Amino acid sequence: MRTNSVITSVQIAVGIWAVALLAPSGKAADEIPAGDDPSLIAQGKALFQTKICFTCHQSDPAVPAPAGEALKATKFIGDFWGKEREVQISSDPQSPVFTDSGKTENVKLDEAYFMESVEKPNAKILKGSIPGMAPLPTTLEERKALAAYVKSLSKTDGSGTVVTEQPTPKETPKETPKETPKETPKETPKETPKEAAPDPVQVAKGKKLFQAKACFTCHQIDPAVPSPAGGALKAPGFMGDFWGKPRQVLMGVGGSEATVTFDKAYFMESVEKPMVMIAKGSLPGMAPLPTTLEERENLAAYVQSLSKEGAEQPATTTSAVPKQYWPTILISIVVLLGLTWVGLKAGTKEVEVR
């Protein structure tokens, strides 16, 4: 519901306090709309930056979102708020992982849909996009603030004409690189003492967290099972012999190149602060993962257990057919060949094999 006058932060606070006193249960506060309060929009804008939403969701035509282009994520550009969009429905809306039910529906990008998408991003995904977003830990107030900010981004072209298409980012002319002094050859980091084998109890806990936090959507751990978003983001996979080995990273987005050792310290920092050191060649699309120290240690133990000494690093699979689909594919081929043979044998009709 849109208000005709600007509501101040004090009025919102008083209103929420009054509702809390009068409401028979705690559900009444959930019904307060995000509104168009400038302070709420400002709060949402700050959250949009700190939660690193901009790495996937483009909000400025002149500034592309690298990870968003790879994942075909929703763009918050043009006139989009209140407009219908086609989404794919997950067979298990409560699961953090998207499982295609084969069903689609048209929904309006409004406050209710937006807030559900932040809390349960894989319940309904935009048709054509790659399901790569994990549930974003937020409070109700933070979701309302984000909704208010995103709503404020929906614009017409200024002349009253509705912008029906989201503009393509303009390419900035590439500057001719200036000659720089020759760099001193980088020293290969000295091999660190070999870490002890991970604790089996921690490994088991870490494995559950790896699933619950939907880490596998970006980080491939099985050469035969591709990660849905990892191929698009060129995210590092945890396969082969990688633990304790050097790897090239960029110190922040567009930062200088450095060589680090993939060990427990590096892994735990990457979970907590994924934008500090970005694996060279990958797209910076990971937001900080809310975890406790114990959870990070358990995840580290599990990932360390995936490293097989002496094994070669397999190529990340981006187009392989998941193994669970092969029985259906093989049965279909056999049935198709059988029908073709019957048709040719009977001689009464032609069967066209496409």
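Predicted model only: the values in this text are computed from it and were never measured.

The rules we used
Residues numbered from 1 in each chain as written. Predicted model: local features only at pLDDT ≥ 70, side-chain atom pairs only at ≥ 80, totals over all residues. Heavy atoms only, no water. Helix = DSSP H or I, 4+ residues; strand = E, 2+ residues; numbered from the N terminus. Expected span 1.5 Å × (residues − 1). Buried < 20%, exposed > 50% of the residue type's maximum accessible area, 1.4 Å probe, protein only. Arc of directions from axis to C-beta. Contact = heavy atoms within 4.5 Å. Phe/Tyr/Trp six-rings, centres within 6.5 Å; stacked < 30°, edge-to-face > 60°. Polar contact = N/O pair within 3.5 Å; in protein donor to acceptor, adjacent residues only side chain to side chain. Axes fitted to C-alpha atoms, helices over the stretch in contact; angles between N-to-C directions. Parallel < 35°, antiparallel > 145°, perpendicular 65-115°, else oblique. Left-handed = near helix turned anticlockwise from the far one by under 90°. Nonpolar A, V, L, I, M, F, W, Y, C, P; charged D, E, K, R; others polar. Disulfide = S-S within 2.5 Å. Core = buried A, V, L, I, M, F, W, Y, C linked by side-chain atoms within 4.5 Å. Pairing = 2+ DSSP bridges.

1. What to know about helix 6 (residues 200-212)
Argument step 1. For helix 6, with 13 residues, the first-to-last C-alpha span of 18 Å sits near the 18 Å given by 1.5 Å per residue.
Argument step 2. For helix 6, the complete set of buried residues consists of Val203, Gly206, Leu209 and Phe210. Along the axis of helix 6, the buried residues cluster in a sector spanning 125°; they form a single face. Of the exposed residues in helix 6, those oriented more than 90 degrees away from the buried face are Pro200, Val201, Lys208 and Ala212.
Argument step 3. Looking at the buried side of helix 6, the elements it contacts are helix 9 (293-306).

2. Some remarks on the packing of aromatic side chains
Two aromatic rings are characterised by how far apart their centres lie and by the angle between their planes.
Argument step 1. In this structure the tally under the stated criterion is 15 aromatic pairs.
Argument step 2. Both rings, one in Phe262 and one in Tyr266, keep their centres 5.3 Å apart while their planes meet at 70°; by these two values the pair is edge-to-face. Neither residue differs from the other here; Phe262 and Tyr266 are each classed as buried.

3. What to know about the side chain of Ser90
Argument step 1. Relative to the elements of secondary structure, Ser90 occurs in strand 1 (residues 84-90).
Argument step 2. Taking relative accessible area as the criterion, Ser90 reaches 3% and is therefore assigned buried.
Argument step 3. Within the local environment of Ser90, its side chain forms a polar contact with the backbone nitrogen of Thr99, the two atoms lying 3.3 Å apart.
Argument step 4. In contact with Ser90, other than residues within four places in its own chain, are Val97, Phe98, Thr99, Ser101, Asn122 and Ala123.

4. Notes on the packing of helix 4 (residues 111-119) against helix 5 (residues 140-153)
Argument step 1. Viewed as axis vectors pointing N to C, helix 4 and helix 5 meet at an angle of 125°, and their least axial separation amounts to 10 Å. The angle between helix 4 and helix 5 falls in the class oblique. Of the two elements, helix 4 crosses helix 5, and the hand of that crossing is right-handed. Note on element contacts: helix 5 touches helix 4 through Leu140, Arg143, Lys144, Leu146, Ala147 and Val150, opposite Glu111, Phe114, Met115, Val118 and Glu119.
Argument step 2. Among the residues forming the contact of helix 4 with helix 5, the class breakdown is seven nonpolar, no polar and four charged.

5. Here we look at the state of the cysteines
Argument step 1. What the rule picks out here adds up to zero disulfides.
Argument step 2. With no disulfide of its own, Cys53 lies closest to Cys56 among cysteine sulfurs, the gap being 8.8 Å.
Argument step 3. Given the relative accessible area of 13%, Cys53 is considered buried.
Argument step 4. There is no disulfide at Cys218, and the cysteine sulfur nearest it, in Cys56, is 8.2 Å away.
Argument step 5. Among the residues examined, Cys218 registers a relative accessible area of 14% and is labelled buried.

6. Re the nonpolar core
Argument step 1. If you look at the biggest cluster of nonpolar residues, it comprises 24 residues, and the most contacted ones within it are Phe210, Phe238, Phe242, Trp243, Phe262, Phe267 and Val303.
Argument step 2. Contributions of two or more residues to this core are made by helix 6, strand 5 (257-261), helix 8 (264-272) and helix 9.
Argument step 3. It is helix 9 that provides the largest number of residues to this core, a total of six residues.
Argument step 4. Each residue touching Trp243, except ones within four places of it in the same chain, is listed here: Glu195, Phe262, Asp263, Lys264, Phe267, Ala300, Val303, Gln304 and Ser307.
Argument step 5. Phe48, Cys53, Trp81 and Val118 belong to the second-largest nonpolar core, a separate cluster that totals 23 residues.

7. Examining the sheet that holds strand 2 (residues 100-108)
Argument step 1. Strand order in the open sheet made by the three strands is 2-1-3, with antiparallel pairing throughout. Strands with a single pairing partner mark the edges of an open sheet, and in this sheet they are strand 2 and strand 3 (124-126). Going from strand to strand, the sheet's axes swing by 40° on average, the running direction of each strand aside.

8. Re the environment of Gly237
Argument step 1. Inspection of the secondary structure assignment puts Gly237 in the loop between helix 7 (230-233) and strand 4 (246-251).
Argument step 2. Once the C-alpha coordinates of Gly237 and Pro226 are considered, the two residues, 11 residues apart in sequence, prove to be 9.7 Å apart.

9. Quick look at the pairing of strand 1
Argument step 1. Where burial is concerned, most of strand 1 is hidden: five out of the seven residues are buried.
Argument step 2. Two strands pair when backbone bridges link them, and strand 1 and strand 2 are joined in this way by six bridges, in the antiparallel orientation. Within strand 2, the residue paired with Glu86 across the bridge is Asn106.
Argument step 3. Taken together, the three bridges between strand 1 and strand 3 define a ladder with antiparallel strand orientation. Counterpart to Val87 in the pairing with strand 3 is Leu126.

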